[in-house]
Amino acid sequence: MLPDGRPRLPPGQFLTERFPVLTYGETPQVETVDWEFRVWGHGLGKDLRWSWDEFLAVGRVELKKDFHCVTTWSRYDNQWTGVPISTLWKEIEKELTTKPAAVLFHCHGGYSTNLKLEDVLVEENLFATHHDGKPLTKPHGGPMRFVCHHLYAWKSPKWICGMELLSEDRRGFWERHGYHNHADPWDEERYSYQEGADDKKVK
Ligand SMILES: Nc1nc2c(c(=O)[nH]1)N[C@H]1C(S)=C(S)[C@@H](COP(=O)(O)O)O[C@H]1N2
Ligand SMILES: [Mo]
């Protein structure tokens with residue numbers, strides 16, 4: 001049971017201790033030497049950029065969270081280490097003239113995923129460099145991925161390279177290919193055709 005009374009395992013999920021890799025396409029080979037993180041778009045007069053060292057200097061947290069993939073596996077107690085979104089956002093906010101409605105995360109290799117601002121700014125979300133005490137392997141998104149624990153894992157982009165701030169929500173890769181725009185595992189928001197349906201659980 002979660003503190004708010006929801007079951008720890010979302011409906012339709014099974015528990016695994018393995019950590020499967022789910023990647024669409026090739027695994028990009030991203031190195032930290034020429035790594036750059038860029039934030040641009042709505043509300044920003046100029047692009048913001050961080051090198052690898054600058055990004056890590058923003059801050060560091062360590063936390064344990066459950067991970068839920070839409071293909072029905074869940075893995076409990078993943079220990080993530082990385083830069084908290086809340087701290088990075090304080091740096092972004094200094095430059096913002098107006099608040100974006102949503103963020104489109106961009107990745108090396110072309111993957112993208114969109115999140116409403118309130119889903120981005122959940123306190124425990126982070127840019128992870130380590131999983132279970134070890135540097136993130138390339139197949140799992142090394143050297144850096146974003147992790148959004150409260151939504152299905154396709155909303156946790158691997159090999160992250162930037163965030164595009166949006167005045168209006170815009171769908172990312174899987175969201176354009178049939179996945180749900182929001183992706184709450186406890187509401188089983190798996191597919192787009194459920195959106196707006198009277199019975200969200202219709203499959
Ligand atoms: N860049 C990128 N990020 C991605 C994906 C991808 O194909 N490319 N797959 C997503 C999907 S569908 C899932 S379930 C999780 C899986 O993370 P894992 O491979 O570390 O288990 O990563 C997400 N992030
Ligand atoms: Mo997934």
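For every chain, the first residue of the written sequence is number 1, and numbering continues from 1 onward in sequence order. Key to labels: chains lettered from A, ligands numbered from 1, both in the order written. Only residues with pLDDT of at least 70 are given local features in this predicted model, and only at 80 or more are side-chain atom pairs given and counted; all residues enter the totals for whole chains, interfaces and linings. The basis for every side-chain value is the complete set of non-hydrogen atoms in the structure, without hydrogens or water.

**Some words on the site of ligand 1**
Okay, so step 1: In this text, near means that some heavy atom of the residue lies within 4 Å of the molecule or strand in question. Around ligand 1 sit 19 residues in total, of which P20, Y24, H140, R145 and K158 are the nearest.
Okay, so step 2: Two N or O atoms form a polar contact when they lie within 3.5 Å of each other; inside protein one atom must be a possible hydrogen donor and the other a possible acceptor, and for residues adjacent in sequence the pair counts only when both atoms belong to side chains. In the environment of ligand 1, an oxygen atom lies 2.6 Å from a nitrogen or oxygen atom belonging to the side chain of H140.
Okay, so step 3: Separating an oxygen atom of ligand 1 from a side-chain N or O atom of K158 is a distance of 2.5 Å.
Okay, so step 4: All accessible areas in this document rest on Shrake-Rupley with a 1.4 Å probe, and a residue is counted as covered only by the protein chains that are shown. Taken by itself ligand 1 offers 530 Å² of open surface, and the protein chains cover 97% of this.
Okay, so step 5: Classification convention: Asp, Glu, Lys, Arg as charged; Ala, Val, Leu, Ile, Met, Phe, Trp, Tyr, Cys, Pro as nonpolar; all other residues, Gly among them, as polar. Of the residues contributing to the shell around ligand 1, the split by class is 14 nonpolar, three polar and two charged.

**Quick word on the sheet that holds strand β7 (residues 112–116)**
Okay, so step 1: Judged by pairing direction, the sheet is mixed, and its five strands sit side by side in the order β3-β2-β11-β6-β7 without closing on themselves. In this open sheet, the two strands that pair with only one neighbour each are β3 (48–51) and β7. Neighbour-to-neighbour, the strand axes of this sheet turn through a mean angle of 15 degrees, independent of strand direction.
Okay, so step 2: Relative to strand β11 (residues 160–166), strand β6 (residues 102–107) is paired through six bridges, and the arrangement is antiparallel. Within β11, the position partnered with A102 by the bridge is L166.
Okay, so step 3: Residue contacts are counted whenever heavy atoms from the two residues lie within 4.5 Å of one another. Only the stretch in contact is used when fitting a helix axis, every axis being a line fitted to C-alpha atoms; angles between N-to-C directions are given from 0 to 180 degrees. In DSSP terms, a helix is any run of H or I states spanning at least four residues, a strand is any run of E spanning at least two, and both are numbered starting from the N terminus. The sheet strands contacting helix α2 (residues 85–93) are β2 (36–41), β3 and β11, and the helix crosses β11 at an angle near 55 degrees. Two strands make a pair as long as DSSP finds a minimum of two bridges between them.

**Focus: the packing of aromatic side chains**
The geometry of two aromatic rings is summed up by the distance between their centres and the angle between their planes.
Okay, so step 1: Ring geometry is summarised as follows: Phe, Tyr and Trp rings, the Trp one being its six-membered ring, pair when their centres sit within 6.5 Å, and such pairs are stacked at plane angles under 30 degrees, edge-to-face over 60 and tilted between the two. By the definition in use, this model includes 24 aromatic pairs.
Okay, so step 2: Centroid distance Y24 to F173: 4.7 Å. Interplanar angle 45 degrees. Geometry classified as tilted. Remark: F173 occurs in helix α4 (residues 173–176) and Y24 occurs in the loop between β1 (14–15) and β2; sequence separation between them is 149 residues.
Okay, so step 3: Classification of Y24 as exposed rests on a relative accessible area of 56%.
Okay, so step 4: Between F37 and F127, the aromatic rings sit 5.4 Å apart at their centres with planes inclined by 75 degrees, giving edge-to-face as the arrangement. The cut-offs for exposure are 20% and 50% of the maximum accessible area for each residue type, with area from a 1.4 Å probe on protein chains only; residues under the lower value are buried, those over the upper are exposed, and the others partly exposed.

**Observations concerning the pairing of β11**
Okay, so step 1: Among the seven residues of β11, six are classified as buried, and the element is accordingly described as predominantly covered.
Okay, so step 2: Sheet topology note: the β2/β11 ladder contains four bridges and is parallel. Directly across from R38, in β11, lies its bridge partner G162.

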